[in-house]
Protein chains: 2
Amino acid sequence: MQQSIALFVDKGYSATSIQDIVDALGVTKGSFYYHYKSKEALLMDIHRQYIEELLARQQSILQDAAPAKEKLSEIVRLLIGDMEKQGPIANVYFRELRHLKEENAKAIRARRAEFREQIESVLIAGIKSGEFRRELNPKMIAFAVLGVTNWSYQWFQPGGELSTGELAELYTDFILHGIMPTQK
Amino acid sequence: MQQSIALFVDKGYSATSIQDIVDALGVTKGSFYYHYKSKEALLMDIHRQYIEELLARQQSILQDAAPAKEKLSEIVRLLIGDMEKQGPIANVYFRELRHLKEENAKAIRARRAEFREQIESVLIAGIKSGEFRRELNPKMIAFAVLGVTNWSYQWFQPGGELSTGELAELYTDFILHGIMPTQK
């Protein structure tokens with residue numbers, strides 16, 4: 001899976017053949033088909049593994065008895081914090097969804113929507129508790145939070161001028177300022 | 001170009017052949033090659049046209065004698081405001097850059113960076129004038145602004161519950177709250 005992710009990032013899913021994958025690994029096509037029915041099945045596995053891990057980690061954040069502000073910060077850290085590890089898989093996840101079979105794409109889209117709806121529910125809880133501004137549109141703000149975090153996968157170079165931890169803190173600060181009442 | 005954009009959005013650049021494009025138009029390959037040397041030349045034209053138009057429109061915003069706050073709002077409106085028209089081309093622009101020849105990709109990346117640096121310069125001006133918070137990292141905030149706006153191309157359905165104009169206003173409000181001093 002890791003080798004295929006590297007190839008998909010580099011050449012794109014369409015332009016990568018099963019032959020390319022097995023060549024890069026020095027194995028035969030037979031061993032590929034032992035693990036996966038098709039290239040699409042492999043792509044589905046990449047998508048599923050990525051979103052299921054995110055959802056599990058989000059769930060453990062949501063279970064904390066913490067203020068909405070804290071939960072939202074933790075979710076931002078979750079998304080940005082392990083970009084080193086998850087960067088390439090996220091790259092494939094964001095870009096190659098359209099190459100899944102319709103039933104598979106639908107299943108992944110539903111799980112992605114759940115992740116976003118959990119962010120929305122944190123925002124709604126924070127609006128109710130007075131932590132966040134009453135006039136916010138929680139659905140659109142959930143998308144904005146994902147915009148800030150997911151877009152960073154497009155440009156951020158781990159090991160550059162900022163660490164992922166520093167970036168997560170900058171963006172938590174930006175987002176919280178964006179949604180908290182002006183009068184503190 | 002429009003027909004090819006529709007095909008690239010649907011099937012991806014790699015999976016779309018020149019034959020697919022001319023078939024969809026009911027013309028011959030000869031007429032394709034009359035306009036473009038190759039599929040890559042067409043892709044480059046899509047990228048160039050998109051970023052050059054954005055830069056020209058950004059330039060006219062920057063020339064106004066307006067506060068930084070106003071300029072930034074206008075840039076957000078520029079990016080979100082004509083998603084109906086620009087959605088498909090932006091989709092290709094964001095996703096297929098890696099299929100350009102290295103020299104072409106480099107030229108486009110440089111122009112993209114200019115657009116972002118202009119946002120950064122508006123942020124720096126606003127920090128200096130006291131409109132924006134002093135502790136901001138203008139480079140990272142410029143990326144965040146692009147994250148909020150560009151990500152919306154991934155999910156926003158024009159004609160749905162919000163108009164693009166309403167979305168632009170929501171996001172301008174979110175971004176400005178995120179960067180303006182807490183005490184008004």
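Note: the structure precedes this text.
Residues numbered from 1 in each chain as written. Chains lettered and ligands numbered in written order. Predicted model: local features only at pLDDT ≥ 70, side-chain atom pairs only at ≥ 80, totals over all residues. Heavy atoms only, no water.

J.: A description of the packing of helix α8 (residues 138-155) of chain A against helix α9 (residues 164-179) of chain B should follow, citing residues and the corresponding values.
T.: With their axes 11 Å apart at the nearest point, α8(A) and α9(B) run at an angle of 65° to one another. Of the possible angle classes, the one that applies to α8(A) and α9(B) is roughly perpendicular. Crossing geometry of α8(A) relative to α9(B) is assigned as right-handed. Residue-level contacts link M140(A), I141(A), F143(A) and A144(A) of α8(A) to L167(B), L170(B), Y171(B) and F174(B) of α9(B). Among the residues making up the contact of α8(A) with α9(B), the classes are represented as eight nonpolar, no polar and no charged. (Axes fitted to C-alpha atoms, helices over the stretch in contact; angles between N-to-C directions. Helix = DSSP H or I, 4+ residues; strand = E, 2+ residues; numbered from the N terminus. Parallel < 35°, antiparallel > 145°, perpendicular 65-115°, else oblique. Left-handed = near helix turned anticlockwise from the far one by under 90°. Contact = heavy atoms within 4.5 Å. Nonpolar A, V, L, I, M, F, W, Y, C, P; charged D, E, K, R; others polar.)

J.: Requested: an account of the interface of chain A and chain B, with residues and values cited.
T.: As a measure of interface size, the accessible area lost when the parts come together is often cited. Counting residues at the interface gives 40 residues for chain A, matched by 40 residues for chain B. Between chain A and chain B, the buried area comes to about 3400 Å², and carbon and sulfur atoms account for 65% of it. Its largest share of buried area at the contact with chain B, chain A owes to R98(A), W151(A) and F174(A), together 22% of the area lost on that side. For the interface between chain A and chain B, the tally reads six salt bridges. Among the salt bridges present, the one from R98(B) reaches E96(A), with a minimum N-O distance of 3.6 Å. (Buried area = accessible area lost by both parts, 1.4 Å probe. Salt bridge = Lys/Arg side-chain N within 4 Å of Asp/Glu carboxyl O.)

J.: I'd love a proper account of the relation of the copies chain A and chain B, names of residues and values included.
T.: When chain A is fitted onto chain B, the two copies agree to an RMSD of 0.0 Å after a turn of 180° and an axial shift of 0.0 Å. What the superposition gives is, in effect, a two-fold axis relating one chain to the other. When C-alpha distances to the rotation axis are compared across chain A, the minimum falls at G178(A), with a value of 1.8 Å. Taken as a fraction of all interface residues of chain A, those also at the interface in chain B reach 100%, which identifies the copy contact as same-surface. (Least-squares fit on C-alpha atoms with pLDDT ≥ 70 in both.)

Read these as spatial facts, not as claims about activity.
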